[in-house]
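Read off the chains here:
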Amino acid sequence: MRMMWLIFLVLSMLIGNSSALNNGLGRTPPMGWSSWNTFVDVALNESVIREIADAIVENGLDKLGYKYVNVDCGWSAVNRGDDGKIIPDPTRFPSGMKALSDYIHSKGLLFGLYTARGVTECCGRVGYNGSAYAQRDANTFVSWGIDYLKVDSCANNPDSEETQWNQFANMRDALNKTGRPVYLSVCEIWNDPEPISTCHSRGIVYSPKMWLQQGLPVRELANSILVEYSNNGNTWESIACMIEAQENLTFSNLSAPGTWNDNDMLSTGCSDHHTNLPWTPCINKHGLTARESRTEFTFWVVTASPLILGNDLRYMSKDTLETISNKEVLAINQDSLGHRGVLTWKNNNGIIIHCKNMADKQKKAMSIINLNNNTQHVKVNLALCGNSRIPGIMQKDIISVRDVWQHKDLAAHSEELDIQLMGHEGMLLLVTFSLQ
């Protein structure tokens, strides 16, 4: 009888672990690179992925935390193999995914792959089709040595009984059963009849809002939950729209070690190298300026978003490399508390301020962004980030103010800071308070 009870207890534990996120990953927002922005579908092949892995190491980005090399849409064949398993496109990846994975791992990096929850993925190739293929594909992916899996939403699953949630949960559970820790990122679509931002009359909405309204345990589903309005692109209009919409998409209580609200791939540096592909987020030759790229990066950092680069790392300007390599800036994003900065103040002229709690209770990160086209003078009340924003902690007098982009301390004689921001410019401060 006692033996039967022990068997029941073990089985119960195994069943419980299989139905919740249980990989121990993502204690800080992941950092890496994805092929989507630069090598969409027809441009994707094993040679460019190897060259990107080389570029990460050659530029020292791996030492800063950029570890994931994620192969996005377009790597798989149009059809499954005769045995029903998903296979790579034999022309684009003739050496196979295991060989590519081994090469990436030999560089001290981590290997990521892409799939989608429907019949096909976003490039019209094989998806995992919900429960029908989730375990089979998870086993295949793990046999190739993946460390990261992005699950997209592009096509409907023919089984109408499987909701979006169930389709994602199928893959989560399948990965758990393999026994290999794999970082899981999901892109859920929320079809809201009302536009959530005035910058697009109707954009594609990615947000866990509907799941939360249904009382589903969102933090148990995946390590990254996409929060995006329309798809990010290499234009200021796209990025500004994304920033404005975040107020209605983001849930700060969902960002913490293990699960992150994901602003999606960065367009930072996309303008450094022009591509002639018919469509790709980096196609706009006259897209984000160096200043606008830094502003985008600022917002991703203060909101504790994963930092997944999307530019061609083989062709980076000095400005881009400095932006993505700033150790003081990266430290704010990678802070162990894992707090997603919240909108604290905005005015009618396009100035928005976000405040982010830090593990050091004396410190707060503050971003000030000018969404307007014109230069603006702003008097910033630094105390906006203090006071009672941490339960049980009262931050009182300001001790120091650090401009982390410029690597310099600013005068902090009072709670007010007089600054000038050029059009589309973002500032990132680290403010130190005394504790009462």
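Residues numbered from 1 in each chain as written. Predicted model: local features only at pLDDT ≥ 70, side-chain atom pairs only at ≥ 80, totals over all residues. Heavy atoms only, no water.

Colleague: Explanation requested: the overall build of the chain in the structure shown.
Modeller: Each helix and strand in the chain was counted, giving 11 helices and 19 strands. Sorting the 436 residues of the chain into buried and exposed places 56% on the buried side. Sequence-distant contacts, at least 24 apart, represent 74% of the contacts inside the chain between residues at least 6 apart. Element-wise, carbon and sulfur atoms account for 51% of the exposed surface of the chain, whose accessible area totals about 18,400 Å². (Helix = DSSP H or I, 4+ residues; strand = E, 2+ residues; numbered from the N terminus. Buried < 20%, exposed > 50% of the residue type's maximum accessible area, 1.4 Å probe, protein only. Contact = heavy atoms within 4.5 Å. Areas by Shrake-Rupley, 256 points an atom, 1.4 Å probe, with all protein chains shown as cover.)

Colleague: What exactly am I supposed to notice about the packing of helix 8 (residues 236–249) against helix 9 (residues 290–302) here?
Modeller: Each pair of packed helices can be summarised by the angle the axes make with each other and by the distance between the axes. Relative to each other, helix 8 and helix 9 sit at 20°, their axes nearing to 11 Å. If you check the angle between helix 8 and helix 9, you find them roughly parallel. The handedness of the crossing between helix 8 and helix 9 is left-handed. Of the residues in helix 9, those touching helix 8 at Trp236, Ile239, Met242, Ile243 and Gln246 are Glu292, Thr295, Glu296, Phe299 and Trp300. Residues belonging to the contact of helix 8 with helix 9 are distributed by class as follows: six nonpolar, two polar and two charged. (Axes fitted to C-alpha atoms, helices over the stretch in contact; angles between N-to-C directions. Parallel < 35°, antiparallel > 145°, perpendicular 65-115°, else oblique. Left-handed = near helix turned anticlockwise from the far one by under 90°. Nonpolar A, V, L, I, M, F, W, Y, C, P; charged D, E, K, R; others polar.)

Colleague: Got a minute to help me understand the state of the cysteines in this structure?
Modeller: Should the sulfur atoms of two cysteines be covalently bonded, the bond is a disulfide. For the coordinates displayed, the defined rule picks out three disulfides. Across the disulfide, cysteine 122 is cross-linked to cysteine 154 (sulfur-sulfur distance 1.4 Å). Taken together, the residues cysteine 122 in the loop between strand 3 (110–116) and helix 5 (134–143) and cysteine 154 in the loop between strand 4 (148–152) and helix 6 (164–178) connect sequence positions 32 residues apart. Two residues share a disulfide in this structure: cysteine 355 and cysteine 385, whose sulfurs sit 1.8 Å from each other. Between cysteine 355 and cysteine 385 the sulfur-sulfur dihedral comes to about -80°; the bridge is accordingly left-handed. Placement of the pair is cysteine 355 in strand 12 (residues 351–357) and cysteine 385 in the loop between strand 14 (376–381) and strand 15 (387–390), with a sequence separation of 30 residues. (Disulfide = S-S within 2.5 Å.)

Colleague: What's the story with the sheet that holds strand 3 in this structure? I'm lost.
Modeller: Backbone hydrogen bonds are what pair the strands of a sheet, in a parallel or an antiparallel way. Here we have eight strands laid out as an open sheet, ordered 9-7-5-4-3-2-1-10, and parallel in their pairing. Each having just a single partner strand, strand 9 (260–262) and strand 10 (307–309) make up the two edges of the open sheet. Neighbour-to-neighbour, the strand axes of this sheet turn through a mean angle of 25°, independent of strand direction. Of the strands in this sheet, strand 2 (68–71) and strand 3 touch helix 4 (residues 97–106), which is tilted by about 140° from strand 3. (Pairing = 2+ DSSP bridges.)

Colleague: Help me understand the pairing of strand 2 in this model?
Modeller: In regular strands, side chains alternate between the two faces of the sheet. Burial along strand 2 is two-sided: Tyr68 and Asn70 facing one way and Val69 and Val71 facing the other are all buried. As paired strands, strand 2 and strand 3 are joined by four bridges and run parallel to one another. Residue pairing for strand 3: valine 71 is matched across the bridge by leucine 113. With helix 4 bridging strand 2 and its parallel neighbour strand 3, the resulting β-α-β unit is right-handed. (Right-handed = clockwise from strand over helix to strand, strands pointing away.)

Colleague: Explain the pairing of strand 4 to me, please; I cannot follow it from the model alone.
Modeller: For strand 4, a buried count of five out of five residues is recorded, marking the element as mostly surrounded by other parts of the structure. For strand 3 and strand 4, the ladder comprises five bridges, and the chain directions are parallel. Within strand 4, the residue paired with glycine 112 across the bridge is tyrosine 148. Crossover connection from strand 3 via helix 5 to parallel strand 4: handedness right-handed. Sheet topology note: the strand 4/strand 5 (residues 183–186) ladder contains four bridges and is parallel. Within strand 5, the residue paired with leucine 149 across the bridge is leucine 184.

Colleague: Looking at this structure, how should I read the side chain of serine 305?
Modeller: Within the fold, serine 305 resides in the loop between helix 9 and strand 10. Classification of serine 305 by relative accessible area gives buried; the value is 0%. Polar side-chain contacts of serine 305 include one of 3.0 Å to the backbone nitrogen of asparagine 263. Contacts of serine 305, omitting those with residues within four sequence positions, involve Pro29, Asn261, Asp262, Asn263, Trp300, Asn333 and Arg340. (Polar contact = N/O pair within 3.5 Å; in protein donor to acceptor, adjacent residues only side chain to side chain.)

Colleague: What should I look at first to understand the nonpolar core in this one?
Modeller: In a soluble, globular protein the nonpolar side chains are often hidden away together inside. Counting residues in each nonpolar core, the largest one holds 87 residues, and the members touching the most others are Ile49, Trp75, Leu113, Leu149 and Phe297. Setting aside residues up to four positions removed in sequence, phenylalanine 297 forms contacts with Tyr66, Leu266, Thr268, Leu307, Leu309, Thr323, Ile324, Val329, Leu330 and Trp405. Membership of the second largest hydrophobic core comes to 18 residues, among which are Ile353, Val380, Leu382 and Leu421. (Core = buried A, V, L, I, M, F, W, Y, C linked by side-chain atoms within 4.5 Å.)

Colleague: What's the story with unusual backbone geometry in this structure? I'm lost.
Modeller: Negative phi characterises most residues that are not glycine, and trans characterises most peptide bonds. Positive phi values are uncommon outside glycine, yet alanine 304 reaches one of about 55°. Within the secondary structure, alanine 304 is located in the loop between helix 9 and strand 10. Even without a glycine there, the phi angle at histidine 407 is positive, about 55°. Counting through the fold element by element, histidine 407 comes out in the loop between strand 16 (393–403) and strand 17 (408–410).

Colleague: Even after reading the chapter, I still don't get helix 5, so can you show me in this structure?
Modeller: Since the α-helix advances by 3.6 residues per turn, residues separated by three or four positions end up pointing in the same direction. Taken as a whole, helix 5 has its buried residues at Ala134, Asp137, Ala138, Thr140, Phe141 and Val142. Of the surrounding secondary structure, the elements contacted by the buried residues of helix 5 are strand 3, strand 4 and helix 6. Looking one or two residues beyond helix 5, the residue adopting positive phi is glycine 145, at roughly 90°.

Colleague: Is there a simple way to explain the packing of aromatic side chains in this structure?
Modeller: All told, the structure shown has 11 aromatic pairs when counted by the stated rule. Here phenylalanine 168 and tryptophan 211 contribute two aromatic rings whose centre-to-centre distance is 6.0 Å and whose plane-to-plane angle is 80°, an arrangement assigned as edge-to-face. Placement of phenylalanine 168 in helix 6 and of tryptophan 211 in helix 7 (residues 209–213) is noted, with a sequence separation of 43 residues between them. Grouping residues by exposure puts phenylalanine 168 and tryptophan 211 together as buried. Each member of the aromatic cluster is reached from another via a ring pair, and the members are Tyr68, Tyr148 and Tyr183. A cation over a ring is seen here: arginine 50 above tyrosine 103, with NZ or CZ 4.6 Å from the ring centre. (Phe/Tyr/Trp six-rings, centres within 6.5 Å; stacked < 30°, edge-to-face > 60°. Lys NZ or Arg CZ within 6 Å of the ring centre and 35° of its normal.)

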